[in-house]
Amino acid sequence: MRRMFLPALFVAAAMFAFAPVYVARAPFESTMGLVQKIFYFHFPSAILMLTSAIVSGVGSAWFLARKRPSADRLAFAAAELTVLFGLLTLVTGPLWARKAWGVWWQWDARLTMSLLLWMIFVAYLLLRKYGGPGSETLSAGLAVFGMANVPFIYVSVNVWRTIHPKTTVVPTLPVDMSAPLWFCFAAFALLYMTLLTARMRLEEQRSQLEQLYLEIED
Amino acid sequence: MHEFFRVAWIIVKKDLTVEVRSREILYTTLFFAISCVLVFAVAFVREGAALTEAGAGILWIAIAFAGTLALGRTFERERHTETLRALLLAPADRPAVYFGKLVGIVALLAATELILLPLVALLFQAPLLGRPLLMGLLMAAGTIGFCAVGTLFAAMLVRARSRDVLLPILLYPITIPVIIAGVRGTLALLEQVPNEALARFWIALLVFFDVVFVTLSLWTFEPLMTE
Amino acid sequence: MKAVHVAFVLLIALLVFGHEGFAQPQPPAGPPPQIEGFVPVDSLPPAEQLPAARLLIIAYAFVWVAIFFYVWSLWKRLGKVEGELHQLAKRTGANAR
């Protein structure tokens, strides 16, 4: 896995470098014009934020059930990535919204709940950093609740009258828009897997280090 | 099943007995909530009168703040007297312990809200008591949702460092949907002609949240409290 | 992530938003006021001519910078831990002899 890291990273970087070219060739959306192209980065970031929240929640649930350290490492890594991709979503979204809706932010269901999900995982990171010993278990509990949030976020645009586009938009995109979208999505997904693996490795090394320190003291 | 409720009831009785004797948490929580409301009432004054719609928000903010305080104090008391460890060592179903603590804290907040609701109605000239049954259901559903998550987190943070500041950090992002639903429901009932259908919708949503949160908490209480 | 990294990202975000115009008054929530009849884009009042290209570039730039920052932060943290591990291994190796 370690050997794969650099090549995977280069592939992801190359895909990211090519993405704007691909995106520039995609047709303009009729009502929003140029600014709609933020979509090609906003959508993958958002989906990966939600996915990462679920991964962290599942890892946490597994950790609570079986107390395996690898589950906790997965949960921690995924939580950090949820914060990262959430930040990307919450910045690209308003930049798009400023032009498309006229306002930076709206307190509608999806935006509010996405922001809350992001904050839950920021709280997770704070807990891990400042909670002292035993914070692995506590943060696992938090992440389980965070994961419970995700289905609400996804269906919120279909259930409530909201200004955010519905989930029916993406499946019905014309080919010359969906191709660059899925290309960008693949780039983001590859990046996500790479970062997740690397982050988990960091945790693994850290716990190895702690073990060594403990052994030395004996 | 019977055993579950029996254990929970024992814990509720214990908490109520301790509280009735000292009334410490009840008085301090109540006073804090009232101070909160007063500060906001002063902040949201326009032309000498407080805004009616602000009353809905302030009510729920006061409940959230006071609730956080009450949760912290309740478990601090348990930690101080080492009774939490005794509770966990007792041959009782852990989820039943959680449920007992939950009922106790909901009762405490309910007592606070009995005084808070008329106060907010008075200070903000908001007809909060116009539809008492619906308002009561709304408050109950919202309080239970907030306390369900709060009890779990407060219990699990008892042994953590920086527990005082961590409880609000962990609790608020998860319970803000409950607060939002409560405020929206209250606003629906505060309209010129109270919008009962909308209020019922928010109550139904809150009940759904309650079921999800209480279930999740019952499942995770045991692994979270075990070292 | 170290506090200084988070602060850096936030600073960039702030510069981005600040540049875009916190000074501009926020329009009210909801759709912007309807303009009667067809008005070609060039003749719109300047307030309505929001620079889409700039927003787009800022968005993409932010994504790149943030991701680069995170990868760099990971790399540094990994390097530090592995350095310590290496040192520790040398020490225990020396002690064992």
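Residues numbered from 1 in each chain as written. Chains lettered and ligands numbered in written order. Predicted model: local features only at pLDDT ≥ 70, side-chain atom pairs only at ≥ 80, totals over all residues.

A. Examining the overall build of chain C more closely. Secondary structure assignment for chain C yields two helices and zero strands. Burial statistics for chain C: of 97 residues in total, 10% are counted as buried. (Helix = DSSP H or I, 4+ residues; strand = E, 2+ residues; numbered from the N terminus. Buried ≥ 20, exposed ≤ 12 C-beta atoms within 10 Å, placed from the backbone.)

B. Structural context of the interface of chain A and chain C. Taken together, the 31 residues of chain A in the interface contact 28 residues of chain C. When residues of the side of chain A that touches chain C are traced back to their parent elements, those giving at least two are α3 (69-100) and α6 (175-217) of chain A. For the side of chain A that touches chain C, the element with the highest residue contribution is α6(A), accounting for twelve residues. Per-class residue counts for the side of chain A that touches chain C are 19 nonpolar, six polar and six charged. (Contact = placed C-beta atoms within 7 Å. Nonpolar A, V, L, I, M, F, W, Y, C, P; charged D, E, K, R; others polar.)

C. Summary view of α3(A). Residues and elements named next belong to chain A. Over its 32 residues, α3 extends 45 Å from the first C-alpha to the last, a length consistent with the 46 Å expected when each residue adds 1.5 Å. For α3, the buried fraction is high: 27 of the 32 residues fall into the buried class. Looking at the residues trailing α3, positive phi occurs at G102, about 90°. (Expected span 1.5 Å × (residues − 1).)

D. Structural view of the packing of helix α7 (residues 163-190) of chain B against helix α8 (residues 196-225) of chain B. All names here are of chain B. Where α7 contacts α8, the two axes come as close as 8 Å, and the packing angle between them is 160°. The orientation of α7 with respect to α8, classified from their angle, is roughly antiparallel. Handedness of the crossing formed by α7 with α8: left-handed. Taking contact as the criterion, the partners of P177, V178, A181, G182, R184, G185, A188 and L189 in α7 are, on α8, L198, A199, W202, I203, L205, L206 and F209. Grouping the constituent residues of the contact of α7 with α8 by class yields twelve nonpolar, two polar and one charged. (Axes fitted to C-alpha atoms, helices over the stretch in contact; angles between N-to-C directions. Parallel < 35°, antiparallel > 145°, perpendicular 65-115°, else oblique. Left-handed = near helix turned anticlockwise from the far one by under 90°.)

E. The arrangement of the interface of chain A and chain B in detail. Taken together, the contact pairs 20 residues of chain A with 20 residues of chain B. Among the elements that line the side of chain A that touches chain B, the one with the most residues is helix α5 (residues 135-159) of chain A, at eight residues. Its residues assigned to classes, the side of chain A that touches chain B shows 14 nonpolar, six polar and no charged.

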